[in-house]
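Each chain, letter by letter, is given below.
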Amino acid sequence: MEVIKNIVCPFCGTLCDDIECHVDHGHIVKTRNACRIGHSKFTHREGAVRYTEPLFRENKKDEFKVIDWDTAIEKTAEILVNAKKPLIYGFSATECHAHIEGMKLAEKIRGLVSNTAEVCHGPSVWALQDVGYPICTLGEVKNRADVVIYWGSNPMHAHPRHMSRYGVFARGFFRERGRKDRTVIVIDPRETDTAKLADIHLKVDPHKDYELVSALRASLKGFELKSDIIAGIPKETIEKAVEVLKNAQFGELFFAMGVTQTKGKHRNIDTAIQLIVDLNAFTKFTLIPMRGHYNVNGFNQVCTWISGFPLCVDYSKGFPEFNPGETGVTDSLMRNEADAMLNIASDPGAHFPQKAVKRMSEIPLICIDPHETPTSVLANIILPPTIAGIEDTGTAYRMDGVPLELKKVINPPNGTLPDREILKKIFKKVEELI
Ligand code: SF4
């Protein structure tokens, strides 16, 4: 039995880097330190259906047939080259070198490229471009934060070790007593398991986040709140929360889809960032988005280095254009414009609006995914990759923007290739065909 230590968990944006895997005859049989979902990712990598050979079918009603890699790459390249509006989407559960190759391919085929942030933290990343990014590292939160806000997020379920490693229970340099040294505020319409741990739970009415931030900002600046109830919360409770925020030594706002995908979207985040700016007149306060997939942040970084924009980039005119609402992958599918799609390391079939999924079922679809998913069952071509962070190395960006090196723990199944190699091969074939 081999024991491998200090592995980065490739599941959620917390990217815990203290995982230990016990490997027996090429299989991970035990983990230490991982939460239950992280443990599942390591130990169930085979999955119910693990693809290990390229599969193809001309007609989506037919059964898949096994084909060789050269033929699969050629057919993929032909589909992308012959399409008028090809899409490349996903990327959030793979490493950054695959992102680079995906961006090169999108530019070459003059396609539209985006990642899963489109349906989660997209509004956050464009708000950051609008009004700035007052961020810190998770290490600073652990060592310094005495006031922590979780807004529209439920880490007890979505990021199970976040509160114990950084946000709430962790003992830090200036917070030696852990939980006892921190005040926790949860803003959520629901009584979540995270809310049950809060010192103050602001039970905001659904879709009233913008109103609540505005009230917090007004009260912070010394204005009297005129209504008794704002966004479903008594004004006395809002004023009490403002006192806690003002008197923090170091405050942190963690926010997630409960704010980014409610009414107001990126305007909610714009104004939340302004709240952080206002708070810095009194104390030190920063914010960090709770990123979901382990490397959703990595794609937004890579996409920005290469194109200047974090997602929703349209290369159809030969240069990058960014106009979410028009240049999103979901927008293109919903308008029935897209006529081919390559999906990698994501499952839009399970998460996109029904109309977008319907379009995916009508157009040629290539899926690069190790497992059977609601997306892969709609595909014409399935290309089987290795799993980055378990069967392959790479780089991923934690939710606070810190890049971490992913380890190879075990060998991949025969017949699979790293995502970046698959994309390189498709690029080479596209170059030959164009
Ligand atoms: Fe993995 Fe996230 Fe669990 Fe950490 S909290 S072990 S990164 S799934």
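Let us look at the structure shown here.

What counts and what doesn't
Residues numbered from 1 in each chain as written. Predicted model: local features only at pLDDT ≥ 70, side-chain atom pairs only at ≥ 80, totals over all residues. Heavy atoms only, no water. Salt bridge = Lys/Arg side-chain N within 4 Å of Asp/Glu carboxyl O. Helix = DSSP H or I, 4+ residues; strand = E, 2+ residues; numbered from the N terminus. Buried < 20%, exposed > 50% of the residue type's maximum accessible area, 1.4 Å probe, protein only. Pairing = 2+ DSSP bridges. Right-handed = clockwise from strand over helix to strand, strands pointing away. Axes fitted to C-alpha atoms, helices over the stretch in contact; angles between N-to-C directions. Contact = heavy atoms within 4.5 Å. Expected span 1.5 Å × (residues − 1). Arc of directions from axis to C-beta. Core = buried A, V, L, I, M, F, W, Y, C linked by side-chain atoms within 4.5 Å. Domains from an automatic or database assignment.

## With respect to the pattern of salt bridges
All chains considered together, the criterion is met by 27 salt bridges. We note a salt bridge from Lys246 to Glu243, for which the minimum N-O separation is 3.5 Å. In this pair, Lys246 and Glu243 are both assigned in helix H9 (residues 235-246), three residues apart and thus about one turn of the helix distant. The exposure class of Lys246 is partly exposed, given its relative accessible area of 24%. On the basis of relative accessibility, which here comes to 40%, the residue Glu243 falls in the partly exposed class. Connected via shared salt-bridge partners are Asp17, Asp18, Arg161 and Arg165.

## Details of the pairing of strand E6 (residues 86-90)
Counting buried positions along E6 yields five of five residues, so the element is predominantly enclosed. What you see with E6 is no split at all: Pro86, Ile88 and Gly90 on one side and Leu87 and Tyr89 on the other are buried throughout. Here E6 pairs with strand E17 (residues 340-344) via five bridges, running parallel. Within the sheet, the bridge partner assigned to Pro86 lies in E17 and is Ala340. Strand direction decides the pairing type here: E6 and strand E7 (residues 112-115), joined by four bridges, are parallel. What sits directly across from Gly90, in E7, is Asn115. Handedness of the crossover joining E6 and E7 through helix H3 (residues 96-108): right-handed.

## Structural notes on the sheet that holds strand E1 (residues 2-7)
Pairing is antiparallel in the open sheet, where three strands are placed in the order E1-E2-E3. Edge positions in the sheet fall to E1 and strand E3 (27-32), since each has one partner strand and no second. Across the sheet, the axes of successive neighbouring strands diverge by a mean angle of 25 degrees, strand direction being ignored. In this fold helix H1 (residues 36-43) packs onto E1, strand E2 (19-24) and E3, with an angle of close to 165 degrees to the strand it touches most, E3.

## Regarding helix H16 (residues 419-433)
Look at H16: 21 Å from first C-alpha to last across 15 residues, which is about the 21 Å you get at 1.5 Å a residue. Turning to H16, its buried residues number three or more, namely Asp419, Arg420, Ile422, Leu423, Ile426, Phe427 and Val430. Along H16, the residues classed as buried sweep out an arc of 155 degrees about the axis, all on the same side. Exposed and oriented more than 90 degrees from the buried face of H16 are Lys428 and Glu432.

## Things to note about the nonpolar core
Ile149, Trp151, Ile185, Ile187, Leu212, Ile238 and Phe285 are the most contacted members of the largest nonpolar core, which has 43 residues in total. Per element, the largest residue contribution to this core is six residues, and it comes from helix H11 (residues 266-279). Formed jointly, this core draws a minimum of three residues from each of two domains, domain 2 (55-118 + 294-433) and domain 3 (122-289). In contact with Ile149, other than residues within four places in its own chain, are Ile185, Ile187, Leu245, Glu252, Leu253, Phe254 and Phe285. Counting 37 residues, the second largest nonpolar core, distinct from the first, contains Met103, Ala106, Leu342 and Ile366.

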